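Okay, here's what each chain looks like letter by letter:
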Amino acid sequence: MRHVLANVCFFGLIAGFGALSALNPDAYYQHVQEDQPLEWSTVWGFLIAGAFFARAAVLERQKRRLPWFLAGLTAFCVLVAMEEISWGQRLLGYTPPRYFLENNYQLELNLHNVIGVNLRKQMVGAIIVVYGLLLPLLSRIPKTDRLLTKLGITAPPPALAPIFVGLLVLLVVYPLRYTGEIIEAGMALAFL
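Treat the numbers as computed from the prediction; the structure is a model and nothing was measured. (Residues numbered from 1 in each chain as written. Predicted model: local features only at pLDDT ≥ 70, side-chain atom pairs only at ≥ 80, totals over all residues. Heavy atoms only, no water.)

1. A few points about the overall build of the protein
At step 1: Counting its secondary structure elements, the protein contains 10 helices and 0 strands.
At step 2: Along the protein, from the amino end to the carboxyl end, the secondary structure elements read α-α-α-α-α-α-α-α-α-α.
At step 3: Computed over the C-alpha atoms, the radius of gyration of the protein is 18 Å, within 12% of the 16 Å expected from 2.2 N^0.38 for a compact globule of 192 residues.
At step 4: C-alpha atoms of the protein, sized along the principal axes, occupy 50 × 40 × 30 Å. (Helix = DSSP H or I, 4+ residues; strand = E, 2+ residues; numbered from the N terminus. Rg over C-alpha atoms; globule rule 2.2 N^0.38 Å.)

Written out as structure tokens, the structure reads:
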């Protein structure tokens, strides 16, 4: 049931922002900017997902297993959340180091705006394809699933594949200005 809800929320997000872009471009622009609800839903989605992955890692550790993959997912989710809010720059009101002022077009303390757009898209695409599509596919093969389990790799449920396919389509087609913000929110939902 929760997978169906996640898919409905994701495609509702796309439809809602698509309609908003067509019907009220100014409102669309406002909603995809920094410190607006879409960004904060992305931040909270990744933070809560990180907390769930951390809990799962602790439970695995109690079984005397090394939860390296779950710990990595925890770190990834927290890193993405902190990058989204520029490590608290606007919340705390500090000026980032000079490097970021010179190399980040948004003048923020975050790494994802320092690297090139194409590399960023390739990295996001790799995460979507490998984590969201390839791992669930491999987990459907019994022999491969046993290997993944032995290695401590946890695949997302195959029922989330429509979200990851949708994210990939958005990334490739990029139908709207600021589609990246919608992709980030969709990824937060998928990881959550």
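2. Observations regarding the packing of helix 1 (residues 2-23) against helix 9 (residues 161-173)
At step 1: Axis separation between helix 1 and helix 9 bottoms out at 9 Å; the angle between their running directions is 20°. When the interaxial angle is binned, helix 1 and helix 9 end up roughly parallel. In the crossing of helix 1 with helix 9, the sense of the turn from one axis to the other is left-handed. Here helix 1 contributes Ala6, Asn7, Phe10, Phe11 and Ile14 to the contact with helix 9, which in turn contributes Pro162, Ile163, Gly166, Leu167 and Leu170.
At step 2: Class assignment for the residues of the contact of helix 1 with helix 9 results in 8 nonpolar, 2 polar and no charged. (Axes fitted to C-alpha atoms, helices over the stretch in contact; angles between N-to-C directions. Parallel < 35°, antiparallel > 145°, perpendicular 65-115°, else oblique. Left-handed = near helix turned anticlockwise from the far one by under 90°. Contact = heavy atoms within 4.5 Å. Nonpolar A, V, L, I, M, F, W, Y, C, P; charged D, E, K, R; others polar.)

3. Quick look at unusual backbone geometry
At step 1: For Asp35, which is not glycine, the phi dihedral falls at a positive 60°.
At step 2: By the element assignment, Asp35 lies in the loop between helix 2 (25-31) and helix 3 (37-62).
At step 3: Residue class for Asp35 comes out partly exposed when judged on its relative accessible area of 33%.
At step 4: Its identity as a non-glycine residue notwithstanding, Tyr178 has a phi of 70°, on the positive side.
At step 5: Assignment of secondary structure puts Tyr178 in the loop between helix 9 and helix 10 (179-191). (Buried < 20%, exposed > 50% of the residue type's maximum accessible area, 1.4 Å probe, protein only.)

4. Let's talk about the nonpolar core
At step 1: Residues Phe46, Phe53, Tyr131, Leu167 and Phe191 are the most contacted members of the largest nonpolar core, which totals 37 residues.
At step 2: Elements represented by at least two residues in this core include exactly helix 1, helix 3, helix 4 (68-84), helix 7 (117-139), helix 9 and helix 10.
At step 3: By residue number, the principal contributor to this core is helix 10, which donates 7 residues. (Core = buried A, V, L, I, M, F, W, Y, C linked by side-chain atoms within 4.5 Å.)

5. Details of helix 9
At step 1: Here helix 9 is 13 residues long and its end C-alpha atoms lie 18 Å apart, about the 18 Å a rise of 1.5 Å per residue gives.
At step 2: Every buried residue belonging to helix 9 is among Ile163, Phe164, Gly166, Leu167, Leu170 and Leu171, and all of these are buried. When helix 9 is viewed along its axis, its buried side chains cluster within an angular range of 160° and face the same direction. Summarising the geometry of helix 9, the exposed residues directed more than 90 degrees from the buried face are Val172 and Val173.
At step 3: Following helix 9 by one or two positions, Tyr174 adopts a phi angle in the positive range, close to 45°. (Expected span 1.5 Å × (residues − 1). Arc of directions from axis to C-beta.)

6. Some words on the pattern of salt bridges
At step 1: Tallying each qualifying case throughout the model produces 5 salt bridges.
At step 2: The shortest N-O distance in the salt bridge between Glu60 and Lys63 comes to 3.6 Å.
At step 3: The salt bridge involving Glu60 is made with Arg65; its shortest N-O contact spans 3.1 Å.
At step 4: Classification of Arg65 as partly exposed rests on a relative accessible area of 44%.
At step 5: Several salt bridges converge on common partners, so that one network encompasses Glu34, Asp35, Glu39 and Arg90. (Salt bridge = Lys/Arg side-chain N within 4 Å of Asp/Glu carboxyl O.)

7. Overview of the packing of aromatic side chains
At step 1: Applying the stated criterion across every chain, the model contains 10 aromatic pairs.
At step 2: Judged by centre distance (5.7 Å) and plane angle (65°), the ring pair of Tyr29 and Tyr178 falls under edge-to-face. Placement of the pair is Tyr29 in helix 2 and Tyr178 in the loop between helix 9 and helix 10, with a sequence separation of 149 residues.
At step 3: Assessed through its relative accessible area of 40%, Tyr29 is described here as partly exposed.
At step 4: Of the residues examined, Tyr178 reaches a relative accessible area of 24% and is grouped as partly exposed. (Phe/Tyr/Trp six-rings, centres within 6.5 Å; stacked < 30°, edge-to-face > 60°.)

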